[in-house]
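Coordinate analysis (summary)
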Amino acid sequence: MEIPDKLLTQQRVVIVGAGFAGLTLAKKLSSAFFQVILLDKNNYHQFQPLLYQVATAGLEPNSISFPLRKIFQKKKNVFIRIAEVIAVHPDDKKISTSTGALDYDFLVLAQGAATNYFGMRDIAQNAFSMKSVSEALLLRNTLLQNYEQALITGNKQEKAALLNIVIVGGGPTGVELAGSIAEMRAQILPRDYPELNFNNMNIHLIEAAPRLLNGMSLESAARVKSYLKTLKVKVHTGLSVKSYDGYAVTLSNHTTLYSYCLIWAAGVKGSALKGIPPGSVLADHRIEVDEFNRLRDDHHIFALGDVARMQTRANPKGYPQVAPVAMQQAVQLAANLKRLALQKEMRPFAYRDKGSMAIVGRNRAVAEAVGIKLRGFVAWMAWLVVHLMSIIGVKNRLLILVNWIWQYVTYDQSLRLIIRSSETKNKSITNKISKNEKVNNDVPGRQSLVGV
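Here goes a summary of the coordinates provided. (Residues numbered from 1 in each chain as written. Predicted model: local features only at pLDDT ≥ 70, side-chain atom pairs only at ≥ 80, totals over all residues. Heavy atoms only, no water.)

One finds Leu50 and Leu228 to be the most contacted residues of the largest nonpolar core, which totals 99 residues. The element contributing the most residues to this core is helix H5 (residues 133–151), with nine residues. Leu228 has contacts with Val175, Ala178, Gly179, Leu205, Leu212, Val233, Val235 and Val360, leaving out every residue within four places of it along the chain. The next biggest cluster of nonpolar side chains, apart from the first, holds 27 residues, and it includes Phe79, Ile95, Leu107 and Ile287. (Core = buried A, V, L, I, M, F, W, Y, C linked by side-chain atoms within 4.5 Å. Buried < 20%, exposed > 50% of the residue type's maximum accessible area, 1.4 Å probe, protein only. Helix = DSSP H or I, 4+ residues; strand = E, 2+ residues; numbered from the N terminus. Contact = heavy atoms within 4.5 Å.)

A few words on the layout of surface pockets. For the second largest pocket, the calculated volume is near 890 Å³. Surrounding the second largest pocket, 40 residues form its lining, Ser180, Glu183, Gly361, Arg362 and Gln407 being those nearest its centre. Within the residue set of the lining of the second largest pocket, elements represented by two or more residues are helix H2 (51–55), helix H7 (172–187), strand E23 (356–361), helix H11 (376–390) and helix H12 (394–410). Among the elements that line the lining of the second largest pocket, the one with the most residues is H7, at eight residues. Per-class residue counts for the lining of the second largest pocket are 22 nonpolar, eleven polar and seven charged. (1 Å grid on protein atoms, 1.4 Å probe; cavity = no way out; pocket = protein on both sides within 12 Å on 5 of 7 lines; lining within 4 Å. Points joined across faces, edges and corners; volume = space filled by probe spheres on them. Nonpolar A, V, L, I, M, F, W, Y, C, P; charged D, E, K, R; others polar.)

Residue placement: Tyr260 occurs in the loop between strand E16 (256–258) and strand E17 (262–264). C-alpha of Tyr260 to C-alpha of Thr142: the two residues are 118 residues apart in sequence and 9.1 Å apart in space. Reaching out from Tyr260, the side chain makes a polar contact with the side chain of Glu158 at a distance of 2.4 Å. (Polar contact = N/O pair within 3.5 Å; in protein donor to acceptor, adjacent residues only side chain to side chain.)

Any functional reading would require information beyond the geometric quantities listed.
Right, here's the structure in full:
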């Protein structure tokens, strides 16, 4: 991999991943001390907290994505390379990538987390996850294509399975998805598909724990559950999914739900790279780090964000895998690397919890911060402001704000487009429906499908 020579005063910091942690660190590292190589498989940063709005046709993909090269146009010490890291070679202080080898003085692993299917291959093969813009678009395409297919399907059971949605995971992502889809069912889909009876569309939210939103208070969890029930979402707590073949969802209580769309938001795991010292890789593939985000077995390698697990007395399982943790760790590491360059001692990381929030839908949200608990419209407005200000770029903020205002005033979204992708995972609903089933191409003037 060709990289310009660094200055005599610079040390080379290679950052793997341009998520919240990697991006923040690259911004903070001073050109006086460091040459920064930022590696990512994409040439853009994506704002993951709003992926669910892309999946439910509320936002355009480009409004939550921002080109890396534009972000760093004025940072002359930052070099961006689009590549995937294959292996780390700690003894040689090098990494192997899809575009060649690269040496480093310090290596920072910030590649984020992957979806955790807990070893269930059938779910990994058939379920939809939502960790990237491409996955969000795939989900959007599938939701819309299912409704189109339901129009021409004569079999009542198949029609129900095409309409039904099963969401697994009662954290913020699952809750936000369930609320957003429920609002589409109430306000938008009946106008787009008047031939279909969306009273027959069931949205199931399944959580293995006894409650939703384990990271928030019991009061907020109860409030969110109440919001979801108001939106006619069927909430199942204390249940887990045991299998899914693309059609039948088998639950731990031996009941079966039928849906052609199961969305998996039930957990994440680390994505440790080949070559990381085995003693630093934990069972969930996260990398164990000390209080400086440094590998215990190699003091030239650091890990940040979702891929890192820093165990403390208060957090024996590590800090939560959320953006604020990743960004705060990145800021602290930038300061510590500078301290190392000045031959000073590093300072340990301490997370400053600024609160948690979750949105269910219009005027329905919960937020908690420094002992203050908000709900309803006030929490909803707080959620909008926090997320809007976290987006990179004035243009992106304006795009999102305009979309949100339009949706609030009109109860409508204008992005319900089926844009077919070249995803290798085959999600063709037509192929899954029995070949013996008769397709109904009648239109309402000849045979009404309303109520079917």
